[in-house]
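# Coordinate analysis (summary)
Listed here are the chains, written in short residue letters.
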Amino acid sequence: MQAVEAIQKALQELDRPKLQLLALSSVGIGLTYFLVWRRKAKKSIPLGDGWWGHGQQTLRDDNKIYPFKVETSEDEINDLHRRIDQMRYTEPLEDCGFQYGFNSNYLQKVVSYWRNQFDWKKQVAKLNEYPHFKTNIEGLDVHFVHVRAPHRPGQKVLPLMLVHGWPGSFFEFYKILPLLTDTKDDLAFEVICPSIPGYGFSEAPHKQGFCSLDAARIFLKLMERLGFNKFYLQGGDWGSLITTNMAQMKPQCVSGLHLNMLAVTKGGVGMLLSLIIGPYLPFLVGFTREDVRRLFPYFEKNVYDLLMESGYMHIQGTKPDTAGCGLNDSPVGLAAYILEKFSTWTDRKNRDLEDGDLEKKYSLDDLLTNVMIYWTTRSIIPSMRFYKENFKTNPQNRVDARTGIFVPMGHAAFPNELMHCPLPWARWRFKDIRSYSYMPRGGHFAAFEEPRLLAEDFVKFVRKVEGKKR
Amino acid sequence: ILTAFIIHLQHFQSSLQSVLLALVLGAVVLLVLRRSKAAVLKTEDGWWGAGSPPAGAEDESIRPFRVETSREEIEDLQRRIDQTRPVPSLEDSQFNYGFNSTYLQKVAAYWRNEFNWSKQVDKLNQYPHFKTKIEGIDVHYVHVKPKNLPEGRTAVPLIMVHGWPGSFYEFYGILPLLTEPANADDVAFEVICPSIPGYGFSEAPRKKGFNSVCAARVFLKLMRRLGFGRFYAQGGDWGWQITTNMAQLDPTAVKGLHINFAPVENVGPLVILSILLGRRFPGLFGFTELDVKRLYPRVEKMLVEPLKETGYFHIQATKPDTAGRGLNDSPVGLAAYILEKFSTWTDHEFRNLEDGGLERKFSLEDLLTNVMIYWTTGSITSSMRFYKENFAKGFYPPHARIPVTVPTGVAAFPNELMHTPKLWAKQKNHKLKTYTTMARGGHFAAMEEPGLMAQDIQKFIKVVEGKK
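Residues numbered from 1 in each chain as written. Chains lettered and ligands numbered in written order. Predicted model: local features only at pLDDT ≥ 70, side-chain atom pairs only at ≥ 80, totals over all residues. Heavy atoms only, no water.

Per an unreviewed UniProt entry, chain B is named Epoxide hydrolase, and its organism is Denticeps clupeoides.

In terms of helices and strands, chain A carries 20 helices and 9 strands. Principal-axis analysis of the C-alpha atoms places the extent of chain A at approximately 100 × 60 × 50 Å. Across the 470 residues in chain A, those meeting the buried criterion constitute 57%. A fraction of 80% describes how many contacts in chain A between residues 6 or more apart in sequence connect residues 24 or more apart. Of the accessible surface of chain A, which amounts to about 21,100 Å², a share of 56% is contributed by carbon and sulfur atoms. Separation between the mean location of the 61 positive side-chain charges and that of the 53 negative ones in chain A comes to 9 Å. (Helix = DSSP H or I, 4+ residues; strand = E, 2+ residues; numbered from the N terminus. Buried < 20%, exposed > 50% of the residue type's maximum accessible area, 1.4 Å probe, protein only. Contact = heavy atoms within 4.5 Å. Areas by Shrake-Rupley, 256 points an atom, 1.4 Å probe, with all protein chains shown as cover. Lys, Arg positive; Asp, Glu negative; His and termini not counted. Charge placed at Lys NZ, Arg CZ, Asp CG, Glu CD.)

Grouped together as the largest cluster of nonpolar side chains are 256 residues, with contacts concentrated most on Trp 166, Phe 189 and Leu 339 of chain A together with Trp 164 and Leu 339 of chain B. Per-element accounting of this core gives the leading share, 9 residues, to helix H7 (residues 212-225) of chain B. Core analysis: the next-biggest nonpolar cluster, separate from the first, contains 14 residues, Leu 295, Tyr 296, Leu 423 and Trp 424 of chain B among them. (Core = buried A, V, L, I, M, F, W, Y, C linked by side-chain atoms within 4.5 Å.)

A word on the pairing of strand E9 (residues 432-437) of chain B. All names here are of chain B. Pairing analysis gives 5 bridges linking strand E8 (residues 408-412) to E9, with the strands arranged parallel. Counted as the bridge partner of Val 410 is Tyr 435 from E9. In this fold, E8 hands off to helix H20 (residues 422-428), which returns the chain to E9; that crossover is right-handed. (Pairing = 2+ DSSP bridges. Right-handed = clockwise from strand over helix to strand, strands pointing away.)

This brings us to the pattern of salt bridges. Using the criterion set out here, one finds 63 salt bridges over all chains in the structure. One salt bridge connects Glu 340 of chain B with Lys 341 of chain B, and the closest N-O pair in it is separated by 2.8 Å. You'll find Glu 340 of chain B and Lys 341 of chain B in the same group, each marked buried. Each of Asp 49, Glu 138, Asp 214, Arg 217 and Lys 221 of chain A takes part in salt bridges that share partners, so that together they form one network. (Salt bridge = Lys/Arg side-chain N within 4 Å of Asp/Glu carboxyl O.)

Okay, the UniProt feature "active site" (unreviewed entry) in chain B next. Residues and elements named next belong to chain B. As annotated in UniProt, the feature "active site" (unreviewed entry) corresponds to Asp 237, Tyr 387 and His 443 in the numbering used here. Looking at the secondary structure, you find Asp 237 in the loop between strand E6 (231-235) and helix H8 (238-249). By relative accessible area, Asp 237 is classed as buried at 11%. Not counting chain neighbours up to four residues away, the residues in contact with Asp 237 comprise Gly 163, Trp 164, Phe 261, Trp 345, Tyr 387 and His 443. Given a relative accessible area of 4%, His 443 falls into the buried group. Not counting the four nearest positions on each side in its chain, His 443 is found in contact with Asp 237, Asn 260, Phe 261, Trp 345, Asn 415, Glu 416 and Leu 417. A polar contact of 2.5 Å, which involves the side chain of His 443, links it to the side chain of Glu 416. (UniProt positions renumbered as here; feature names shortened; annotations may be inferred. Polar contact = N/O pair within 3.5 Å; in protein donor to acceptor, adjacent residues only side chain to side chain.)

Here you go:
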């Protein structure tokens, strides 16, 4: 009280000009302080730059966009058949299901279908149903599919980029594309599905160091080149990280970010506490009953299971060139390696089954088309290198792991996803979560396995974001 | 996990904190430390053939075996090499991303055009091979007797067990040094080199669960069948694990155990203490200069380096059938996978060389002969399953907690994958008779430095036999 009186007295003693000066400088100091403080709370990460072509960069980027058609030839198909015929079978152990990896007996059935019934020419025609393009960014030919919505009166069309992961491809989105582009109601999407450089029809980087930050920047440049200033993003697996990075680099361009997989990078005391208290008093740490059901027993589900399933990640993150070498000569080896994931990551219980229940949710045609994308482009090794490039620097210390995400975010939590991330954990990094849904069924390859569920949740998320805008 | 935690205690850098910690841990050590009781490893019989074991006694005959090849086999190999689809390595990546693509093409060209498999098969057959059925599967081995034994002397029986991705062939350089030693007062050995079931010419088990203890039991039966009541055992890599298990299963049969690989399985309080304080007080723990160089800095040497090199281990211990599938169709893929180890595990520095330093210590002829053993027998997948079988019950199976009570000799090669100071080796091997810091050499010691290895085996034997 006395201090206030003293200040009042001091102010009264000042003459007008001094008072004005005091007022102005106070405002000035306050404003500067406010701006500096706001900037300290980093809302974006630096863009950086890169060049990934052969040798030295000599020419400037050719900004043109070229149409591209997937093609095949008799040679390609005959070569594949010849190699399949040369497979040297190894008998599986008795009663091992898929516990030792892809079961050799079931593999023979898959391979026989591939050799005798699978029609690659027909699948190529299917791939070409949507228009493909290539454009050169940072020295690499980047491939993408561009699907426009048919013009319907009264329909708002929003741009959207869908990013795939490993061992998937743009093809995973072929079932969800019509659900997003060809809708009958007031909302539709114009969709871009790129291939991550090093995957499928996108050229592989020739230089070391190409990580998700670089892929994010390249995809931002792609959207800019296509004339999109603001757009939605959707992704799972590597796509989840790349789209998150995109939202961190240019938040002003991202209307909303929808993810079906969230990796928990920042653990810490909060996570530990919620793990200890969670099973007993879930509400205290913000867990729902469904969270508890999906997370616990924690050690078994998250540590042990993760150890059992991350061998591929370990070898690809350290010796990708060795890991992929044999797979690039043996189509059967490649199929076993890739399809094992489509079995186990769809439902972990599939490990106990002789056929890994592969054909329960997927057709062999679709599965093998995805494998053929890796096979015909010889991209298995570059696709694996992506793991090493991202784990080179400690992922927890990288700039994107230390920065939050401020764009509107939506998460579709599928029950058989590899890791479950409860809402309170997601909130540590994502500061504007508009939608969090427990999906009734589905695993890691959500767009491929449950396109309708994913599309519904995505649209629900978009409506929430668009609704708030008005 | 515990070790990783200990390694992360970098916070305790100040001397005062170190001393305090030492006092606390010292107390714990005194209270908790007790020598594990000399328990004997137990095991049950097994049967690994297809279906159920047939009625009646097993055929125990020993059949001579010859390695054979055919034009078909060689042409098929050459055809597949021709079909390789190489992918260029990243600029300036050498061997850091795995086997370098440019150098791999050179190896493939040599393999395709110069390597003479028929000649190598003859070389393999210079020693007599045999097969015999044990627990339902055919076990292959090489049996080498000394040719010129002086009067009144008997050869000392010795079993040498290989590892992954090696084979009995790794011992072809050391065999003459052991069976026909140059020195008159060196011991002459009669050597048995078996192939682990699932590797090379030994049949692969058809049932789940064939781990190192099972292999040890099978090899004990083999030695018994050959009439050896007491013998010496030598091994590195899986060979270390199997020969150790043999000594644990039947300490009376194994006269002495010589190993060139001795990773710590059971991290006790003394080991932890030495990790924490060994750098500052090496004398306390008997740490040599090499020990300190190999173990510190802790995080880099005990966490980062092993993580970088254990990807193969992780995938083979979880999904061996997937991991091996492509390698059984692509000889070049198989060669890259196997030879990457012969490069990196000989010297980690080789990762920074364009050619992985592969031909500095080995000849392409020898390296590819080893690869051909995996290729012609189609045994890469079954060889990988051994990893999964051994870690099915976690990292601390019963045999990891039981000490070794037979006389042991350790040859510590400076570039071995995991370095074990004498103190740590003593925790497991209670009768450590010799511990030698070798002058040079890495993981594939017998193949890389046969002379040094033979010398150390002689030194060890003399200590054990001398005492008698």
